[in-house]
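Commentary on secondary and tertiary structure
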Amino acid sequence: MKCKYGYTWFFALIMFGMIAHTSYAQIGKIPDAVTQAFEEKYPDASEATFVNKLVETDVSFQIKNVHYKARFSNKGEWQATLQESSFAELPEAVQDGFHKSKYADWDIESVYILYQPDKPIEYRIGVSKNAIQKKNLYFNSKGRLLHDNITL
């Protein structure tokens, strides 16, 4: 009797593993609409890496040695792009806005330029005060702090 149940559990585990593997493979597939939209929007991109997040797909890539991250809906609609930058490359008004903000004494961890459909460009500055206090600050081109988000 022990043997019968042992084989039953063994086959159940194998079937579960096959189902789980199949489901994962389906979730990981990148929709054709996304790859087509990406290629149309960024024809000069290289080293593209796609990550399917169920309802949207993130793409990391480079253009002329500059790193970008773009997000597309799984229907191929472009949602946003972050362009890696440096603080020194930001417009003077944005640099000045940061220096006048209450976060001026925080350490700058990252700088991105944010492009979104039908919205003006924003500048995202990732800052930290310590290992726990971290924020993303969003500035407009005039150096006005629009909002901040806590990050992990």
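Above this text you will find the structure in question.
So, about the packing of aromatic side chains. Enumeration over the complete set of coordinates arrives at eight aromatic pairs. An angle of 70 degrees between the planes, with centres 5.5 Å apart, marks the rings of Phe 87 and Phe 98 as edge-to-face. With Phe 87 in the loop between strand S4 (78–84) and helix H3 (92–100) and Phe 98 in helix H3, this residue pair connects regions lying 11 residues apart in the sequence. By the burial criterion, Phe 87 is buried, and Phe 98 matches it. Each member of the aromatic cluster is reached from another via a ring pair, and the members are Phe 38, Tyr 42, Phe 50, Phe 61, Tyr 68 and Phe 72.

All right, on to the environment of Ile 30 then. Of note, Ile 30 is situated in the loop between helix H1 (2–28) and helix H2 (32–41). Judged by its relative accessible area of 18%, Ile 30 falls in the buried class. Sequence spacing of Ile 30 and Thr 57 is 27 residues, and the spatial spacing of their C-alpha atoms is 7.5 Å. When near neighbours in sequence (up to four residues on either side) are disregarded, Ile 30 contacts Thr 35, Phe 50, Val 51, Asn 52 and Thr 57.

In spatial order, the strands read S1-S2-S3-S4-S5-S6-S7-S8; together these eight strands make up an open sheet with antiparallel pairing. Looking at the sheet topology across the chains shown, the edges are occupied by strand S1 (46–52) and strand S8 (145–150). Between one strand and the next, the sheet's axes are offset by a mean angle of 20 degrees, whatever the strand orientation. Looking at chain direction, strand S3 (residues 66–73) and S4 are connected through five bridges and run antiparallel. Along S4, the bridge assignment pairs Arg 71 with Ala 80.

Among the residues of H3, Val 94, Gln 95, Gly 97 and Phe 98 are the ones counted as buried. Buried residues of H3, seen end-on, are gathered within an arc of 160 degrees and therefore sit on one face of the element. Seen from the buried face of H3, the exposed residues on the opposite side, beyond 90 degrees, are Glu 92 and Lys 100. Looking at the buried side of H3, the elements it contacts are strand S5 (107–115), strand S6 (122–128) and strand S7 (134–139).

Conventions and cut-offs
Residues numbered from 1 in each chain as written. Predicted model: local features only at pLDDT ≥ 70, side-chain atom pairs only at ≥ 80, totals over all residues. Heavy atoms only, no water. Phe/Tyr/Trp six-rings, centres within 6.5 Å; stacked < 30°, edge-to-face > 60°. Helix = DSSP H or I, 4+ residues; strand = E, 2+ residues; numbered from the N terminus. Buried < 20%, exposed > 50% of the residue type's maximum accessible area, 1.4 Å probe, protein only. Contact = heavy atoms within 4.5 Å. Pairing = 2+ DSSP bridges. Axes fitted to C-alpha atoms, helices over the stretch in contact; angles between N-to-C directions. Arc of directions from axis to C-beta.

In short, shape yes, function no, at least from these values alone.
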